Amino acid sequence: MELVTPSIGLVFWTLIAFLFLLLLLRKLAWKPIMGAIHDREQYIDEALNKAELAKKEMARLTAQNEDLMLQARAERDVILKEAKALKDGILNEAKAQAQAEGDKMLEKAKIEIANQKKAALAEMKAQVSTLSIEIAERVLRGQLQDKAKQQELVAGLLKDVELN
Amino acid sequence: MDCSHVFDFKVNRLIAAFTLFLALFTVVPSVLAQTDSVGAGVAHEAVAADAAHGAEAGHAEGNFDPTAVIMEHIADSHVWHVAGHFSFPLPVILYTPQGFEFFSSGHFHHGEADYKGAHNTYRLVESTKDQSVGQNFFNKKIKVVTPDGQIDEAATASIMDFSITKNVAAMFLTVVILLLVFSAVASAYKKRQGKSPKGLQSFLEPIIVFVRDDIAKPNIGHDYGRFMPFLLTVFFFILINNLLGLVPIFPGGANVTGNIATTFILALFTLVIVNVNGNKSYWSHIFAPDVPKWMYVIMIPVEVIGVLSRPFALMVRLFANITAGHIIVLSLISLIFIFKSLAIAPVSVAFVIFMDVLELLVAFLQAFIFTLLSALFIGMAVEEHH
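Because the structure is a prediction, the values reported are computed rather than measured. Residue positions are counted from 1 within each chain, in the order its sequence is given. Both sets of labels track the order of writing: A upward for chains, 1 upward for ligands. Only residues with pLDDT of at least 70 get local features here, since the model is predicted, and only at 80 or more are side-chain atom pairs given and counted; chain-wide, interface and lining totals rely on the full set of residues. Side-chain metrics in this entry use all non-hydrogen atoms of the structure; hydrogen atoms and water are not considered.

1. Focus: the pattern of salt bridges
Here is step 1: Whenever a carboxyl oxygen of Asp or Glu lies within 4 Å of a side-chain nitrogen of Lys or Arg, that contact is scored as a salt bridge. Inspection of every chain in the model, using the stated rule, returns eleven salt bridges over all chains.
Here is step 2: Taking the shortest distance from any N to any O, the salt bridge between arginine 141 of chain A and glutamate 137 of chain A comes out at 3.1 Å. Of the two residues, arginine 141 of chain A and glutamate 137 of chain A are both situated in helix α1 (residues 8–143); the distance of four residues between them amounts to about one turn of the helix.
Here is step 3: Partly exposed describes any residue whose relative accessible area lies between the buried limit of under 20% and the exposed limit of over 50%, with all areas from a 1.4 Å probe on protein chains only and scaled to the type maximum. By relative accessible area, which is 55% here, arginine 141 of chain A ends up exposed.
Here is step 4: Close ionic contact of aspartate 213 of chain B with lysine 217 of chain B constitutes a salt bridge, the shortest N to O distance being 3.4 Å. Here the residue aspartate 213 of chain B and the residue lysine 217 of chain B both occupy positions in helix α7 (residues 200–220), the gap between them amounting to four residues, near one helical turn.
Here is step 5: Accessibility expressed as a relative area gives 34% for lysine 217 of chain B, which makes it partly exposed.
Here is step 6: Put simply, Glu41 of chain A together with Arg212, Asp213 and Lys217 of chain B are held in one network by salt bridges that share partners. Secondary structure elements are defined from DSSP: runs of H or I of at least 4 residues count as helices, runs of E of at least 2 residues count as strands, and each element is numbered from the N terminus.

2. Quick word on the packing of helix α6 (residues 166–191) of chain B against α7 of chain B
Residues and elements named next belong to chain B.
Here is step 1: Axes, fitted as lines to C-alpha atoms, cover a helix only where it is in contact. Angles between the N-to-C directions of the axes lie from 0 to 180 degrees. Closest axis-to-axis distance for the α6/α7 pair is 10 Å, and the angle between their directions is 100 degrees. Accordingly, the angle class assigned to the pair α6 and α7 is roughly perpendicular. Across from Val181, Phe182, Val185, Ala188 and Tyr189 in α6, the residues of α7 making contact are Leu200, Gln201, Leu204, Glu205 and Ile208.
Here is step 2: Residue classes in the contact of α6 with α7 are distributed as eight nonpolar, one polar and one charged. Orientation categories follow fixed angle ranges, with anything under 35 degrees roughly parallel, anything over 145 roughly antiparallel, 65 to 115 roughly perpendicular, and all other angles oblique. Whether two residues touch is decided by their heavy atoms; if any such pair falls within 4.5 Å, the residues are in contact. Nonpolar residues are Ala, Val, Leu, Ile, Met, Phe, Trp, Tyr, Cys and Pro. Charged residues are Asp, Glu, Lys and Arg, and all others, Gly as well, are polar.

3. What to know about the sheet that holds strand β3 (residues 91–96) of chain B
Residue and element names in this part refer to chain B.
Here is step 1: The sheet built from three strands is open, its strands ordered β4-β3-β8 with antiparallel pairing. The open sheet terminates on both sides in strands that have one partner only, identified here as β4 (99–104) and β8 (160–161).
Here is step 2: In this sheet, β4 lies alongside β3 in antiparallel orientation, the contact comprising six bridges. Residue pairing across strands places tyrosine 95 opposite phenylalanine 100, the latter belonging to β4. Paired strands are those between which DSSP finds at least two bridges.

4. A look at the side chain of threonine 174 of chain B
Residues and elements named next belong to chain B.
Here is step 1: Relative to the helices and strands, threonine 174 is located in helix α6.
Here is step 2: Overall, the relative accessible area of 0% leaves threonine 174 in the buried class.
Here is step 3: Residue contacts for threonine 174: discarding those within four places in its chain leaves Phe237, Ile240, Asn241 and Leu244.

5. A few points about the packing of α1 of chain A against helix α9 (residues 260–276) of chain B
Here is step 1: At their nearest, the axes of α1 of chain A and α9 of chain B sit 8 Å apart, and the two run at 45 degrees to each other. Comparing their axes, α9 of chain B and α1 of chain A come out oblique. The way α1 of chain A lies across α9 of chain B gives a crossing that is right-handed. Contacts between α1 of chain A and α9 of chain B involve Leu10, Val11, Thr14, Leu15, Phe18, Leu19 and Leu22 of chain A from the first element and Ala261, Thr262, Phe264, Ile265, Leu266 and Phe269 of chain B from the second.
Here is step 2: Here the contact of α1 of chain A with α9 of chain B is built from residues that sort into eleven nonpolar, two polar and no charged. Two helices that cross are described as forming a left-handed crossing if the nearer one is turned anticlockwise from the farther one by less than a right angle, and a right-handed crossing if clockwise.

6. Regarding the interface of chain B and chain A
Here is step 1: In this complex, chain B contributes 50 residues to the contact, which on the side of chain A involves 33 residues.
Here is step 2: Here the quantity called buried area is the accessible surface, traced with a 1.4 Å probe, that two parts lose on coming together, added over both. Of the roughly 3,700 Å² buried where chain B meets chain A, counting both sides, 82% is carbon and sulfur surface.
Here is step 3: Here chain B and chain A share two salt bridges between them.
Here is step 4: Here glutamate 205 of chain B ties to arginine 40 of chain A by a salt bridge, and the two come within 2.7 Å at their closest N and O atoms.

7. Concerning the side chain of threonine 96 of chain B
Here is step 1: With respect to the element layout, threonine 96 of chain B can be found in strand β3.
Here is step 2: For the purposes of these results, a polar contact is taken to be a pair of N or O atoms within 3.5 Å, where, inside protein, one atom must be able to donate a hydrogen and its partner to accept one; residues adjacent in sequence count only when each atom of the pair is a side-chain atom. There is a polar contact of 2.5 Å between the side chain of threonine 96 of chain B and the backbone oxygen of glycine 99 of chain B.

8. With respect to the UniProt feature "transmembrane region" (unreviewed entry) in chain B
Residue and element names in this part refer to chain B.
Here is step 1: UniProt positions are given in the numbering used here, feature names are shortened, and annotations may be inferred rather than shown by experiment. In the numbering used here, UniProt assigns the feature "transmembrane region" (unreviewed entry) to residues 168–189, 227–250, 256–276, 296–320, 326–353 and 360–382.
Here is step 2: Along residues 168–189 the backbone is 100% helical and 0% strand, and the end-to-end C-alpha distance reaches 31 Å.
Here is step 3: Helix makes up 79% of residues 227–250 and strand 0%. Its end C-alpha atoms lie 34 Å apart.

9. Considering the confidence of the model for chain B
Residues and elements named next belong to chain B.
Here is step 1: As a per-residue measure, pLDDT reflects the predictor's confidence and takes values from 0 up to 100. On average, residues of chain B score 80 in pLDDT, and 80% of them are at 70 or above.
Here is step 2: Within the model, pLDDT remains below 50 along residues 24–61, and this stretch shows 62 contacts once partners closer than five positions in the same chain are excluded.
Here is step 3: Per-residue pLDDT stays below 50 along residues 129–138; that stretch engages in 24 contacts with residues further than four places along the chain or on separate chains.

10. Re a positive patch on the surface
Here is step 1: Patch criteria: residues need more than 30% relative accessible area and no salt bridge. Like-charged residues are merged within 9 Å; nonpolar side chains of Val, Leu, Ile, Met, Phe, Trp and Tyr are merged within 5 Å. All accessibility values rest on the Shrake-Rupley procedure with a 1.4 Å probe; residue burial counts only the protein chains present in the view. Only four residue types enter the charge count: Lys and Arg as positive, Asp and Glu as negative, with His and the chain ends excluded. To locate a charge, the coordinates of NZ of Lys, CZ of Arg, CG of Asp or CD of Glu are taken. Judged by side-chain charge, Arg26, Lys27 and Lys31 of chain A together with Lys190 of chain B come together as a positively charged surface patch.
Here is step 2: Locating lysine 31 of chain A in the fold gives a position in helix α1.

Structure (structure tokens):
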């Protein structure tokens, strides 16, 4: 029975000792320890979260880079295509222009040649006619030196008229 | 928690079985006892020192009384036995109607002399009525003696013994150890702020985190922070006392957590904390339970008994587990002296080692269970709604 009868002395001292221990440890130990553990845990959580965010950011950046690359490639293609089209256009235009210019020059040359030809022909005609007239004059002069011959001519002319 | 209950039960059953087995020897010690002197070759087991002391005490009557030896160890004492015949006297503090008395228990000379104090003359006497049991000194009570040498029971009833007994001294030692250890750990946290724990800090941090994450958080809920100081203090207080109780040599060996007074105070703390923090739904569950009005006559007393029986169970569980462990270890050691044969020593020692290892587990387990159940009761009191 003595075993299960709490003695007043031990009850009193346990109460004092435990209360003292509880209050002192709460102030000296538990508050700083729990605070430090809590802070460290929060710090670790934060660090992990940050790492996770950084990872996500990295992935996002990589994806963005890829996108940019693709975009750049597409843009380059477009530019190249455009340049090609432009080049082709310019080339064609130049060709066409050259062609047109050539044609025009050819035409001009032809006209010039034709003109020159006409002019030459006209000069030749004029020369020929002058020459003919001179020849005819000389012939006429030669023929008209005597009366007989004049008569004959007139007769001949008249004959022609009669025939008409 | 389930597992621990199962284990608790198993340990108790084992203890009961052993106690029954050993009770057989204590009932018929005279049959087995021989008159040879007790062997001195058992110094390898330090607990044996206690037993040997008791055995010598018993030797005067020609037989060894294991019950006296064991009860002497289990009970509190006014001196702290170290080894052989050497023991520390402890201060005696008595409250008498005339005033306080302070003196050293050394004045009693192991109960052989009376001490004349300022107000009365005191004598250490066997607390049981039967004075013939033996001269063992350790669990004697201080009684007032009249001038003609008779014990004055009326005056004895009026004094109160606030002495620093063996258990009180051992408890103070625990308090000092806890304060030193945890203030060192706390300063380590301050010094190594934000860094990983190191040394003692890294040994204790998992236990602290365990108390927080596996005892406080799941049972109390979000408001666990307020109760952490109590839960941690009670856990480490019980644990260190349990472990020191297992150490058979000088600074250990006191049966602090196996004393009903200690467990009474610890359970009282739980009771007070639970009821001070009880919220509306906790009290309405007790005084206005969700049953027909006429049932209140039965329900309210049942609930009130429930409030008291929970800490009562805490008190008895810790006390019984630790005391039973000490009784078994001492009983096994006593076997050597009961048989008066060295041949039994290896068997005894093997069993003692087994029990000590088991008690090591029980030391942790009981600290855990006490803390867990305290947290559970607190959780029930602060729970927001049903």
